[in-house]
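Summary of the model geometry
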Amino acid sequence: MTQTFRIPADLSRDLADYARRRRVAQGDVVQAALASHLSPDGADRLEAALARRLDRMSRQIDRLERHVMISNETIALFVRFWLTAVPPLPDTAQAAAQAKGRERFEGFVETLGRRLAKGRSFADEILRDVPAETEADED
């Protein structure tokens, strides 16, 4: 059975462009779109695709949460150690300490930039190293 339908000009252009890019007949595109739209399992396929995407996003959020937790713990441990290990400086040493601090901070920023450019992550490094140390402790 043959049917004829009229579609808006802009939709017709989109259909023609799509068919040309895919190198298929426009009728085949319309037929596949209608079959997909009218298919009783179309909703199930869409739901499954959405579920897979949500699962992937959930894993990404879990990984992000883990990295934030590692970063927070790292900063907290560093601050605690620094506050307990470094005595306050006398006023006469403040200027020299500030100059040395600026110099060391610039070195830190350069090192951080190189690590980030190489794609190295402290959180990934920690996750790699911790299990190895844990297994060694169990022996």
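One can find the structure itself at the top, above this paragraph.
Quick word on the overall build of the protein
- From N to C terminus, the protein includes 5 helices and 0 strands.
- Reading the protein from its N terminus to its C terminus gives the helix and strand order α-α-α-α-α.
- Here the C-alpha radius of gyration of the protein, 30 Å, is well above what a compact globule of 139 residues would show, namely 14 Å.
- Principal axes of the C-alpha set define a box for the protein whose edges measure 95 × 45 × 20 Å.

So, the environment of Thr74
- With respect to the element layout, Thr74 can be found in helix 3 (residues 42-85).
- Here Thr74 falls in the partly exposed class, since its relative accessible area comes to 32%.
- Taking the C-alpha atoms as reference, Thr74 lies 14 Å from Val130; in sequence the two are 56 residues apart.

Section: the pattern of salt bridges
- Tallying each qualifying case throughout the model produces 2 salt bridges.
- One salt bridge in this structure joins Asp17 and Arg20, with 2.4 Å as the shortest N-O distance. Highlighted residues: Asp17 and Arg20, both in helix 1 (residues 9-22), separated by 3 residues, approximately one helical turn.
- According to the relative accessible area criterion, Arg20 is exposed, its value standing at 56%.
- For Glu103, the salt bridge identified is with Lys100, shortest N-O distance 3.3 Å.

Section: unusual backbone geometry
- If you check the backbone angles, Arg23 has positive phi at about 60° while not being a glycine.
- Along the chain, the position of Arg23 falls in the loop between helix 1 and helix 2 (26-38).
- Using a relative accessible area of 78% as the deciding quantity, one classes Arg23 as exposed.

What counts, and at which threshold
Residues numbered from 1 in each chain as written. Predicted model: local features only at pLDDT ≥ 70, side-chain atom pairs only at ≥ 80, totals over all residues. Heavy atoms only, no water. Helix = DSSP H or I, 4+ residues; strand = E, 2+ residues; numbered from the N terminus. Rg over C-alpha atoms; globule rule 2.2 N^0.38 Å. Buried < 20%, exposed > 50% of the residue type's maximum accessible area, 1.4 Å probe, protein only. Salt bridge = Lys/Arg side-chain N within 4 Å of Asp/Glu carboxyl O.

So, to be careful, I would describe these as geometric facts and stop short of saying anything about function.
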